[in-house]
Amino acid sequence: MTLQEAITAIQPVDEACRWRAQARLDRLTKPVGSLGRLEELAARYVAMTGEEFPKLPRAAVFTFAADHGVTIEGVSAYPSAVTAQMVLNFLRGGAAVNVLAAHVGAEVWVVDIGVAHEFGSLPGLMARKVAHGTKNMLVEPAMTRDQALAALAVGIELAEWAVRDGIGLIGTGDMGIGNTTASSAITSVMTGRPVAEVTGRGTGVDDRALARKITVIDRALALHQPNPRDPVAALSTIGGLEIAGLAGLIVGAASHRVPVVLDGFIAGAAALIAVGLQPLCRDYLIASHLSVERGHQAALKTLALKPLFDLDLRLGEGTGACLGIHLVQAAVKILTQMATFDE
């Protein structure tokens, strides 16, 4: 399925199905509305899938990994080599996302979409490399438009693969040193907020490095002048390959009525791109948590999404998405396993 085909295939959520689910929730053996946002989550899930009495979905977290040329400007506390090291850690099951995914019964699918390292053939690694990282956005476009489209296509392809494999709930994950810089740039463009307002410390940079990071993004935006009405152009000039892959994953999942649980800030930037491409994508998104990264709040406000929880998370990988998946599972069980008063 091409990007345009996927965009066209996305339909509005089923509001009639949502109201029937809400009617059942109101009849469950409890005071009306007493399970609060779990009830809202259950009704939203039903509207997304069109399944009035859904089975508990099989869940998978897609952790896209890529490097960023802008790291040469000193915007991160860690070198780019850490991206490849963490990919190996994911594959060995030693990362936080592996632990939390196992806790909630979700699978972790690791995708090399743009790591500046040759892994060779490794068990469990989905090799979809579009490029060996992006270019330095401060001096040239991060990607060509064709590369951005190719990365979007990877996400769409993997969403289709997941659907064929029986996945009914998708979580987003990411790994890429420098990706909060690209995400801050995208968030500034797509929300209209000043760069300083949406740029945080990422991996934990000090005040001096944070000021440099803001300056780098401001200069990159002045150089490229990305247009928010052309999300692919924004991706290609200031984005990241993993952000593009996640945006494609969202579009592909929505085209098959599969709900997507967003992780943190990088997922928020990807969601802004996806919704820019097709506004209907928004209704298939569930925001797991509010990241410590300051730009995440701006992204969620623009997307009109309310996070399920706030635990001061800022790791990425898909860790928050795993916990969000747990709450979606709980909401589905409330709807389908509790008795009504009639019953």
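As shown above, the structure is provided for reference.
The following refers to the structure shown. (Residues numbered from 1 in each chain as written. Predicted model: local features only at pLDDT ≥ 70, side-chain atom pairs only at ≥ 80, totals over all residues. Heavy atoms only, no water.)

### What to know about the overall build of the protein
So, step 1. A tally of regular secondary structure across the protein gives 13 helices and six strands.
So, step 2. Relative to its length of 343 residues, the protein is compact, with a C-alpha radius of gyration of 19 Å against a globular reference of 20 Å.
So, step 3. Overall, the C-alpha framework of the protein stretches about 65 × 40 × 40 Å when taken along its three principal axes.
So, step 4. The burial tally for the protein puts 58% of its 343 residues in the buried class.
So, step 5. Excluding contacts between residues fewer than 6 apart, the proportion of contacts in the protein whose partners are at least 24 apart in sequence is 77%.
So, step 6. Of the roughly 13,400 Å² of accessible surface on the protein, a fraction of 54% belongs to carbon and sulfur atoms.
So, step 7. Across the protein, the centroid of the 29 positively charged side chains sits 3 Å from that of the 33 negatively charged ones. (Helix = DSSP H or I, 4+ residues; strand = E, 2+ residues; numbered from the N terminus. Rg over C-alpha atoms; globule rule 2.2 N^0.38 Å. Buried < 20%, exposed > 50% of the residue type's maximum accessible area, 1.4 Å probe, protein only. Contact = heavy atoms within 4.5 Å. Areas by Shrake-Rupley, 256 points an atom, 1.4 Å probe, with all protein chains shown as cover. Lys, Arg positive; Asp, Glu negative; His and termini not counted. Charge placed at Lys NZ, Arg CZ, Asp CG, Glu CD.)

### Brief notes about the state of the cysteines
So, step 1. This model, assessed by the stated rule, comprises zero disulfides.
So, step 2. Counting only cysteine sulfurs, C17 is the nearest neighbor of C281, a cysteine outside any disulfide, at a range of 20 Å.
So, step 3. Exposure remark for C281: the relative accessible area of 0% places this residue in the buried category. (Disulfide = S-S within 2.5 Å.)

### Points about unusual backbone geometry
So, step 1. With a phi angle near 55°, A304 is a residue other than glycine that sits in the positive phi range.
So, step 2. When you line up the elements, A304 lands in the loop between α12 (294–303) and α13 (319–337).
So, step 3. If you check the backbone angles, E317 has positive phi at about 70° while not being a glycine.
So, step 4. Examined against the element boundaries, E317 turns out to sit in the loop between α12 and α13.
So, step 5. Here E317 falls in the buried class, since its relative accessible area comes to 4%.

### Concerning the pattern of salt bridges
Opposite charge on two side chains makes pairing possible when the charged atoms of those side chains draw close.
So, step 1. Counting across every chain of the model gives twelve salt bridges.
So, step 2. Here E157 ties to R128 by a salt bridge, and the two come within 3.1 Å at their closest N and O atoms. One end of the pair, E157, is in helix α6 (residues 145–164); the other, R128, is in the loop between β3 (125–127) and α6, with 29 residues separating them in the sequence.
So, step 3. Classification of R128 by relative accessible area gives partly exposed; the value is 22%.
So, step 4. Between R201 and D207 there is a salt bridge, with its nearest N and O atoms 2.5 Å apart.
So, step 5. On the basis of relative accessible area, R201 is assigned to the partly exposed category, the value being 36%.
So, step 6. One continuous salt-bridge network, built from bridges that share partners, spans R58, E107 and D165. (Salt bridge = Lys/Arg side-chain N within 4 Å of Asp/Glu carboxyl O.)

### Overview of the side chain of E160
So, step 1. With respect to the helices and strands, the residue E160 is situated in helix α6.
So, step 2. Buried and unpaired, E160 has R164 as its nearest opposite-charge partner, separated by 5.0 Å.
So, step 3. Here E160 is in contact with M1 and H256, once residues within four sequence places are set aside.

### Brief notes about the nonpolar core
So, step 1. Membership of the largest hydrophobic core comes to 121 residues, with the highest contact counts inside it found for F62, F64 and V251.
So, step 2. With eleven residues, the top contributor of residues to this core is helix α11 (residues 265–277). (Core = buried A, V, L, I, M, F, W, Y, C linked by side-chain atoms within 4.5 Å.)

### Concerning the pairing of strand β4 (residues 167–175)
So, step 1. Counting buried positions over the nine residues of β4 gives eight, a clear majority of the element.
So, step 2. Bridging between strand β1 (residues 58–66) and β4 involves eight bridges; their strand directions are parallel. Each residue of the ladder has a partner; that of T63, found in β4, is G173. (Pairing = 2+ DSSP bridges.)

### Some thoughts on the sheet that holds β4
So, step 1. In spatial order, the strands read β3-β2-β1-β4-β5-β6; together these six strands make up an open sheet with parallel pairing. Sheet topology places β3 and β6 (285–287) at the edges, where each strand pairs with a single neighbour. Averaged over all pairs of adjacent strands, the angle between their axes in this sheet comes to 30°, without regard to strand direction.
So, step 2. Two elements, strand β5 (residues 260–262) and β6, share three bridges in a ladder whose sense is parallel. Bridge pairing in β6 places L262 opposite A287. (Axes fitted to C-alpha atoms, helices over the stretch in contact; angles between N-to-C directions.)

### Focus on the packing of α11 against α12
So, step 1. Direction vectors running N to C along α11 and α12 enclose 30°, while the axes themselves pass 9 Å from each other. With respect to their mutual orientation, α11 and α12 come out roughly parallel. In terms of crossing hand, the pair formed by α11 and α12 is left-handed. Two secondary-structure elements touch here, α11 through F265, G268, A271, L272 and V275 and α12 through G295, H296, A299, T302 and L303. (Parallel < 35°, antiparallel > 145°, perpendicular 65-115°, else oblique. Left-handed = near helix turned anticlockwise from the far one by under 90°.)

### Digging into helix α5 (residues 96–104)
So, step 1. Of the positions making up α5, those classed as buried are V97, N98, A101 and V104. Projected down its long axis, α5 shows its buried positions confined to an angular sector of 140°, all on one face. The outward face of α5, more than 90 degrees from its buried face, is lined by the exposed residues V99, A102 and H103.
So, step 2. In this structure, the buried residues of α5 make contact with β1, α4 (81–92), β2 (107–114) and α13.
So, step 3. Backbone geometry just downstream of α5 places G105 in the positive-phi region, at approximately 75°. (Arc of directions from axis to C-beta.)

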